[in-house]
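Spelled out, the chains give:
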Amino acid sequence: MKKHLFFVPMLALLVMVSCGDKTQEQVKNFAVDFVAAVQAGNKSEVTKMYPSAADVDEFSSDLKIDSIQIKEDNMTGGYQVLLGNGKSFVVTGNDKESFKIVCSHGLFSFSNEQMTFAQAIGWIKKNMDDQELLKAFSDTTVYDFLFDKTVDQLKKSVTTEVNWEKSDIKGFTDVKSTIVSQVTNNGSHTIKGEDYNVSIWSNMADPVLVKGKDIAPKETIYLSARLPAEGAARQMYYSALKFNISGMPKREVVSRYYEVKGGEYEEFLKTK
């Protein structure tokens with residue numbers, strides 16, 4: 001009699017294990033089908049399997065199914081699917097018809113540049129899941145805040161002045177003077193020539209606009225303009241730099257030139 005009592009719970013345990021193994025196998029098949037749908041660009045099927053990803057335009061391109069691992073997820077009562085390389089997702093439901101992906105890590109595609117920048121300013125944290133990242137990046141007003149700071153930084157880090165030693169100032173002749181302006185980049189980003197111009201003028205001649213040239217960090221370059229030679233009176237010469245970034249997307253300007261200090265996102269939140 002005691003033997004029969006012993007075998008009853010053992011049999012129940014074996015049934016439970018068998019059911020668990022069967023469900024995990026179904027989850028694995030579901031995961032394989034999901035990765036295949038992503039790789040095929042089948043958005044309707046992807047959205048059906050992962051409803052919260054309906055607004056995602058791009059998924060990671062290196063999802064692999066050759067080393068899938070399935071583990072129980074205590075938080076949801078579902079299953080965690082590990083794809084390797086830090087990519088995973090959680091599946092809930094009882095069978096193939098009811099399976100749904102409820103959260104993920106590393107499935108949505110965000111550029112390394114965007115992620116690095118966002119972490120540096122405190123916009124995102126390393127442990128955020130894909131949905132949290134998507135929500136964070138949907139609020140792009142942070143770029144409005146950082147754009148003004150970027151402009152202020154550029155005005156301070158990129159300077160120009162007339163270089164008298166390199167200039168060739170003529171007098172009492174039809175030959176024009178060559179006035180040289182030196183432009184120095186004290187920042188840590190290369191300044192693209194297309195993003196600025198330099199005006200060179202005198203108190204007796206209108207400004208001549210000179211197109212910019214790329215300037216590496218900590219580099220000084222020289223730009224010149226031809227102005228009328230001096231007559232009886234000595235002229236004063238000037239140069240000024242103007243950035244051509246007002247028509248650029250603010251996000252592009254910030255990404256290209258902002259000097260990260262740290263803590264910017266917290267500072268931004270205080271302004272909202």
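See the structure shown above.
Residues numbered from 1 in each chain as written. Predicted model: local features only at pLDDT ≥ 70, side-chain atom pairs only at ≥ 80, totals over all residues. Heavy atoms only, no water.

Draft legend 1. Structural context of the overall build of the chain. On a plain count of helices and strands, the chain comes out with 7 helices and 10 strands. Whereas a compact globule of 272 residues would reach a radius of gyration of roughly 19 Å, the chain reaches 32 Å, over 25% beyond that. In terms of its C-alpha atoms, the chain occupies a principal-axis envelope of roughly 125 × 40 × 30 Å. Out of the 272 residues belonging to the chain, those deemed buried represent 39%. Looking at the chain, you have 33 positive and 36 negative side-chain charges, and the mean spots of the two groups are 2 Å apart. (Helix = DSSP H or I, 4+ residues; strand = E, 2+ residues; numbered from the N terminus. Rg over C-alpha atoms; globule rule 2.2 N^0.38 Å. Buried < 20%, exposed > 50% of the residue type's maximum accessible area, 1.4 Å probe, protein only. Lys, Arg positive; Asp, Glu negative; His and termini not counted. Charge placed at Lys NZ, Arg CZ, Asp CG, Glu CD.)

Draft legend 2. Up close: the pattern of salt bridges. Following the criterion strictly, the structure yields 9 salt bridges and no others. A salt bridge links E267 to K149; the shortest N-O distance between them is 3.5 Å. Pair noted here: E267 is in helix α7 (residues 264-269) and K149 is in helix α5 (residues 142-157), with a separation of 118 residues, a long-range link. Residue classification places E267 among the partly exposed positions, given a relative accessible area of 38%. On the accessibility criterion, K149 (25% relative accessible area) is partly exposed. In this structure, R256 and E194 form a salt bridge, with 4.0 Å as the shortest nitrogen-oxygen distance. Taken together, the residues span a long stretch of sequence, with R256 in helix α6 (residues 250-257) and E194 in the loop between β6 (177-185) and β7 (196-202) at a distance of 62 residues. (Salt bridge = Lys/Arg side-chain N within 4 Å of Asp/Glu carboxyl O.)

Draft legend 3. Representation of the packing of aromatic side chains within the structure. A complete count under the given rule lists 14 aromatic pairs for this structure. Judged by centre distance (5.7 Å) and plane angle (50°), the rings of F145 and F268 are tilted. With F145 in helix α5 and F268 in helix α7, the pair connects residues that are 123 residues apart, well separated along the chain. Of the two residues examined, F145 and F268, each falls in the buried class. Note on W164 and Y237: the rings are 6.1 Å apart at their centroids and 65° apart in plane angle, and the pair reads as edge-to-face. Placement of the pair is W164 in the loop between β5 (158-162) and β6 and Y237 in strand β10 (residues 237-243), with a sequence separation of 73 residues. On the accessibility criterion, W164 (41% relative accessible area) is partly exposed. Members of the aromatic cluster, joined through ring pairs, are F110, W123, F137, Y143, F145, Y265 and F268. In this arrangement the basic side chain of K166 is found over the ring face of Y222, its NZ or CZ atom lying 4.7 Å from the centre. (Phe/Tyr/Trp six-rings, centres within 6.5 Å; stacked < 30°, edge-to-face > 60°. Lys NZ or Arg CZ within 6 Å of the ring centre and 35° of its normal.)

Draft legend 4. Looking closely at the sheet that holds strand β8 (residues 205-211). An order of β8-β7-β10 is seen for the 3 strands of this open sheet, with the pairing classed as antiparallel. Of all strands in the sheet, those bounded by a partner on one side alone are β8 and β10. When the angles between neighbouring strand axes are averaged without regard to direction, this sheet yields 20°. As paired elements, β7 and β10 share 7 bridges and run antiparallel to each other. Bridge assignment links Y196 to a residue of β10, and that residue is F243. (Pairing = 2+ DSSP bridges. Axes fitted to C-alpha atoms, helices over the stretch in contact; angles between N-to-C directions.)

Draft legend 5. Region of interest: helix α3 (residues 112-120). Burial in α3 covers these residues: Q114, M115, F117 and A118. All buried residues of α3 lie within an arc of 170° about the axis, which places them on one face of the element. Exposed side of α3, more than 90 degrees from the buried face: N112, E113 and T116 are the residues found there. The inward-facing, buried residues of α3 contact α4 (130-138), α5 and α6. With its phi angle positive at about 85°, G122 sits one or two positions after the end of α3. (Arc of directions from axis to C-beta. Contact = heavy atoms within 4.5 Å.)

Draft legend 6. How the structure looks around the pairing of strand β2 (residues 79-84). Residues Y79, V81 and L83 point to one face of β2 and are all buried, whereas Q80, L82 and G84, pointing to the other face, are not buried. Where strand β1 (residues 69-72) lies against β2, 4 bridges are found, and the strand directions are antiparallel. Note that in β2 the partner of I70 across the bridge is V81. Linking β1 back to β2 in an antiparallel pair, the connection comprises 6 residues, with G77 at a positive phi of about 80°. Sheet analysis places β2 next to strand β3 (residues 87-92), joined by 5 bridges and oriented antiparallel. The residue bridging G84 from the neighbouring strand is K87, located in β3.

Draft legend 7. Inspection of the side chain of S202 at higher detail. Residue placement: S202 occurs in strand β7. By relative accessible area, S202 is classed as buried at 3%. In this structure the side chain of S202 is engaged in a polar contact, spanning 2.5 Å, whose partner is the side chain of Q235. In this structure, S202 is in contact with L227, Q235, M236, Y237 and Y238, ignoring residues within four places of it in sequence. (Polar contact = N/O pair within 3.5 Å; in protein donor to acceptor, adjacent residues only side chain to side chain.)

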